[in-house]
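Read off the chains here:
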Amino acid sequence: MTDRPPSSGSDPKQTAQAAGAEQPAVAKKATPKKAAAKKTTAKKATAKKTAVKKTAAKKTDAATAMTTAKKTAVKKTAAKKTTAKKTAAGEATATKAPVKKAPTKKAPAKKAPAKKAPAKRSPAEAVASAAVPAVGTEAAGLTASAGMALSPAVGVLDRERLLGGTHHDPHSVLGAHPVPGGVAVRAFRPYALGVAVIAGDLQVELRHDGEGFFSGLLPLPDVPEYRLEVAYAGTVQRTEDAYRFLPTLGELDLHLIGEGRHEQLWQALGAHPMTHQGVAGTRFAVWAPNARGVRVAGDFNFWDGTAFPMRSLGSTGVWELFVPGIGEGELYKFEITRPDGSRTLRADPLARRTEVPPATSSVVHASHHEWGDGEWVLRRAQRPAHEAPFSVYEVHLPSWRPGLTYRELAEQLPAYVKDLGFTHVELMPVAEHPFGGSWGYQVTGFYAPTARLGTPDDFKYLVDRLHQAGIGVLMDWVPAHFPRDEWALAEFDGRPLYEHSDPLRAAHPDWGTLEFDFGRREVRNFLVANALYWCEEFHIDGLRVDAVASMLYLDYSREPGQWTPNQYGGRENLDAVAFLQEMNATVYRRVPGVVTVAEESTAWDGVTRATHHRGPSGFGGLGFGLKWNMGWMHDSLQYMSHEPIHRKYHHDEMTFSMVYAYSENYMLPISHDEVVHGKGSLVSKMPGDWWQQRASLRAYLGFMWSHPGKQLLFMGQEFAQGSEWSEERGPDWWLLDPSYGAAADHRGVLDLVRDLNAAYRATPALWARDVHPDGFQWIVGDAADDNVFAFLRHDTEGAPLLAVSNFSPAVRHDYRLGVPDDVPAWLELVNTDAARYGGSDVVHPDPIKPEPQGWHGRPASIRLALPPLATVWLRPA
């Protein structure tokens, strides 16, 4: 928190110098010449009140009123300029009250006016008895010499700070406050023509002190429940006073925020429709510790936050304001006064809903979705992800079927994914982002699903429907960086806040973005709570964390001299390590059954090791459930890109993955990154003519689904899309149209993916021991000249599956393979060369019996006709 002078309005003690400075203004009011003026003022007050009552019968739309009021206020300012200046300076405005109520000189001792105030006085009488001259004293420090009346007006310093947007405690000045002689009420309503206080049967017209400030003294002993009646040109509004309410955040919330441990931060900060002290409205709260002041601006105040200053809650850096009468759907932002006095208008970092880009406002939101996936949520925790079938279909929602909303996608996506047999979908980032071409990887609204496709409840509906179809939902999550948009997180309150204060640590060298300051506890809290938010509020089943490597290394994409070693002289980002450990530990503790997946492209030790287990490097594990096997992806695609005749020289690119296959819990990804930016589609990476390309793709998919690890395939690759992906047009669905001549070729690959998933889910040998070395055995891994790979997979009971891949275009007849001698016969489960997939149909329809001839170190062997460019799966008969 930056140091601020204490609010003079909240300090009941006035210095002798300040009190003495007000004496000349008081003396003027005592002169006899002012008596006539006082009577005139009283009459004007009564007349003004009558006009207000007449106007109330002609109420019009608030928007017209405020717009007209601004124009009227400008015209009237000139006429009242002299009076306003005198009031601002603390000079007296003559009223009738001091003359008629001379006994009020004894008020401080006997409090007679408070006791004698009639409950049923007319408004004019109430004004006459309550209104007192302004003497320029500060709001809560009312002082007067003997025989002087006290002023409830806002003092000079508070007035300046409220007008300048730098007041840290407006509630101590505005609203109702007990003072000697009654209850002082102060309102700040720019553009208003008049303000009255209504408390039960009592209605008191407040005096206009200039520049939108109104004040008066209620003849009551205690602060009542009250409302304000605000007159604008053409309308009168009755409304609650935002500055009569207690804070909506409790001590526990503030303590947890200060400690950086508020695991449900989204319930404390942001905008929340609620009922507070019996009144409906919206609580706004934001963390901005460097701000000199924060105000709320939105449609409800014509984007003029002047009259909506927020209060600072202690040393937490949190600013809060409950605004009555504001509900769902309202647009808003925070107007922040920076340390240098300049102002910036910022979207809410914890907004749960936003406008549709390119608009940038936050939207007040409350969820009304009723979940129907209770059975799914209970079931997902029964088996760890790495010991269960786990094949993932990666989707970019805006382009999967361009133009569809969340609810329209909910009618098509679950059915399509279920038909193909995938166990999960992985959604590329759905958090709000300003530039669609970033595919969601440059996030500005970390707590809001993108409004391009609908509301947050619409997105919940999509997740719900996927769960009801038996499909898990993973989501890409991007805590590594954020864009520099001036309305978002960058230098949020005028200084580096979410980003690191060191420019070398803040700027991401590759993407022109900013990196989070993982060493700051409030920033870690923002991100950890965000991970929980998606899992708890949207029932997300797992988070795939993007760009983990860029977080882990201080020298990531940086040259010598562009980075600073850690405290031990190393290149590891210790703050990022601690953050990832905290995030994973917290998510796994709070949300049973979820899985976190790391996109980590280096050999960092212990990405999927438990956080409390230390490895050889001395670090505890990062605590992820799964890690993308980027090495397998790169090596295997490199092998497949070679002409078959050259593949024997690159045989190790397909076998090397098994050297480290059990160092982590791996997922095998063929993601969007491999089919964009000139890389071509998956089928286009394969050499040869169109038949060979499709055959190689089918063989590769069969190899991938049988290799240890979980599978991920990006949309469009399941039917051999020929062109690389574009977020503007999405997959080429027309390739499957029966009227297209080559549709059968693409449908053949689609049918294979469906059958691979069905066989995979039904065969525990392919997933039950994914992370255990005893779940895999090579049969032959060195047949480089043949381009052949063969291995066994085992389930927890030892039941095997035999996978054989021939990446040569030649049929290899009577190819002998060693097998266990305890399997009486083998049946073909999948053959990617089958005619129905578009292959040459070299298949094995009959059971294959082992021969007692040892081979490949096995006691028995079988002979197969290996199809060209194909993978075959065999199971015990």
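Values in this document were obtained by computation on a predicted structure and should not be read as measured data. (Residues numbered from 1 in each chain as written. Predicted model: local features only at pLDDT ≥ 70, side-chain atom pairs only at ≥ 80, totals over all residues. Heavy atoms only, no water.)

**Side note on the overall build of the chain**
- Of the regular secondary structure elements, the chain holds 23 helices and 35 strands.
- Looking at the chain as a whole, 58% of its 877 residues qualify as buried.
- A fraction of 72% describes how many contacts in the chain between residues 6 or more apart in sequence connect residues 24 or more apart.
- Summing over all exposed atoms, the chain offers an accessible surface of approximately 34,300 Å²; the carbon and sulfur share of this is 53%. (Helix = DSSP H or I, 4+ residues; strand = E, 2+ residues; numbered from the N terminus. Buried < 20%, exposed > 50% of the residue type's maximum accessible area, 1.4 Å probe, protein only. Contact = heavy atoms within 4.5 Å. Areas by Shrake-Rupley, 256 points an atom, 1.4 Å probe, with all protein chains shown as cover.)

**Points about unusual backbone geometry**
- The amide bond that connects Pro357 to the next residue, Pro358, takes the cis arrangement and shows omega of 15°.
- With respect to the secondary-structure elements, Pro358 resides in the loop between strand 15 (343-346) and strand 16 (362-363).
- Here Ala547, not a glycine, exhibits a phi torsion of approximately 55°, which is positive.
- Take Ala547: it is sitting in the loop between strand 24 (542-545) and helix 18 (548-552).
- Look at Ala547 and you get buried, because its relative accessible area is 10%.

**Description of the pairing of strand 2 (residues 182-188)**
- With 7 of 7 residues buried, strand 2 lies mostly within the body of the structure.
- Relative to strand 2, strand 1 (residues 175-179) runs antiparallel, the two being bridged by 5 bridges. Residue pairing in the sheet places Ala176 in a bridge with Val185 of strand 2.
- Bridge count for strand 2 against strand 6 (residues 213-218) is 6 bridges, and the pairing is antiparallel. Paired with Ala187 across the bridge in strand 6 is Phe214. (Pairing = 2+ DSSP bridges.)

**Details of the sheet that holds strand 7 (residues 227-232)**
- Strand order in the open sheet formed by 4 strands is 4-3-7-8, and the pairing between neighbours is antiparallel. Either end of the sheet is taken by a strand with one partner, and the two such strands are strand 4 (202-205) and strand 8 (235-239). Pairs of neighbouring strands in the sheet enclose a mean axial angle of 20°, with direction left out of account. (Axes fitted to C-alpha atoms, helices over the stretch in contact; angles between N-to-C directions.)

**Quick notes on the sheet that holds strand 6**
- Across the sheet, 4 strands lie side by side as 1-2-6-5; this open sheet has antiparallel pairing. Of all strands in the sheet, those with a lone pairing partner are strand 1 and strand 5 (207-210), marking the two edges. Put simply, the sheet's adjacent strands are angled 25° from each other on average, direction ignored.
- In this fold helix 10 (residues 156-164) packs onto strand 2, strand 5 and strand 6, with an angle of close to 135° to the strand it touches most, strand 6.

**What to know about the packing of aromatic side chains**
- Applying the stated rule across the entire model yields 49 aromatic pairs.
- Pairing Phe789 with Phe807 gives two aromatic rings, centres 5.9 Å apart and planes at 65°, and the pair type is edge-to-face. With Phe789 in strand 30 (residues 788-794) and Phe807 in the loop between strand 31 (800-806) and strand 32 (812-819), the pair connects residues that are 18 residues apart, well separated along the chain. The same class applies to Phe789 and to Phe807, which are both buried.
- When the ring centre of Trp733 is taken as origin, the NZ or CZ atom of Arg401, which lies over that ring, is 4.2 Å away.
- Here the basic side chain of Arg816 rests over the ring of Trp855, its NZ or CZ set 5.7 Å away from the ring centre. (Phe/Tyr/Trp six-rings, centres within 6.5 Å; stacked < 30°, edge-to-face > 60°. Lys NZ or Arg CZ within 6 Å of the ring centre and 35° of its normal.)

**Side note on the pairing of strand 4**
- A two-sided burial pattern is seen for strand 4, the buried positions comprising Leu202 and Val204 on one face and Gln203 and Glu205 on the other.
- One ladder, built from 4 bridges, connects strand 3 (residues 194-199) with strand 4; its direction is antiparallel. By the bridge assignment for strand 4, Ala199 is matched with Leu202.
- Where strand 3 folds back on strand 4, the antiparallel hairpin that results is connected by 2 residues, among which Gly200 adopts a positive phi of roughly 65°.

**Some thoughts on the side chain of Gln721**
- Following the sequence through the fold, Gln721 ends up in the loop between strand 28 (710-714) and helix 23 (743-761).
- In this structure the side chain of Gln721 is engaged in a polar contact, spanning 2.9 Å, whose partner is the backbone oxygen of Ser723.
- Excluding residues that lie within four positions of it along the chain, Gln721 makes contacts with Ser681, Val683, Gly716, Gly730, Pro731, Asp732 and Leu735. (Polar contact = N/O pair within 3.5 Å; in protein donor to acceptor, adjacent residues only side chain to side chain.)

**Section: the pattern of salt bridges**
- Going through the model one piece at a time under the given rule, you end up with 39 salt bridges.
- Linking Glu240 and Arg227 is a salt bridge whose minimum nitrogen-to-oxygen distance equals 3.5 Å. With Glu240 in the loop between strand 8 and helix 11 (251-259) and Arg227 in strand 7, the pair connects residues that are 13 residues apart, well separated along the chain.
- Taking relative accessible area as the criterion, Glu240 reaches 16% and is therefore assigned buried.
- Residues Glu320 and Arg311 are paired through a salt bridge, measuring 2.9 Å at the closest nitrogen-oxygen approach. For the pair shown, Glu320 and Arg311 are each scored as buried. (Salt bridge = Lys/Arg side-chain N within 4 Å of Asp/Glu carboxyl O.)

**Re the packing of helix 11 against helix 17 (residues 521-537)**
- Where helix 11 contacts helix 17, the axes come no closer than 7 Å and their chain directions differ by 110°. Comparing the axis directions of helix 11 and helix 17 gives the class roughly perpendicular. Along the contact surface, helix 11 presents Leu256, Ile257, Gly258 and Glu259, while helix 17 presents Arg521, Glu522 and Asn525.
- A breakdown of the residues in the contact of helix 11 with helix 17 according to their chemical character gives 2 nonpolar, 2 polar and 3 charged. (Parallel < 35°, antiparallel > 145°, perpendicular 65-115°, else oblique. Nonpolar A, V, L, I, M, F, W, Y, C, P; charged D, E, K, R; others polar.)

**Re the confidence of the model for the chain**
- Of all residues in the chain, 83% have pLDDT values of 70 or greater, and the mean over the chain is 86.
- Segment residues 1-149 is flagged for pLDDT under 50; beyond a separation of four residues in sequence, or across chains, it makes 205 contacts in the model. (pLDDT = per-residue confidence, 0-100.)

**Let's talk about the packing of helix 14 (residues 406-420) against helix 23**
- It is the contact of helix 14 with helix 23, at a shortest axis distance of 7 Å, that shows an interaxial angle of 70°. Overall, the two elements helix 14 and helix 23 adopt an arrangement that is roughly perpendicular. Every residue of helix 23 that contacts helix 14 at Tyr416, Asp419 and Leu420 is listed here: Leu750, Val753, Arg754 and Asn757.

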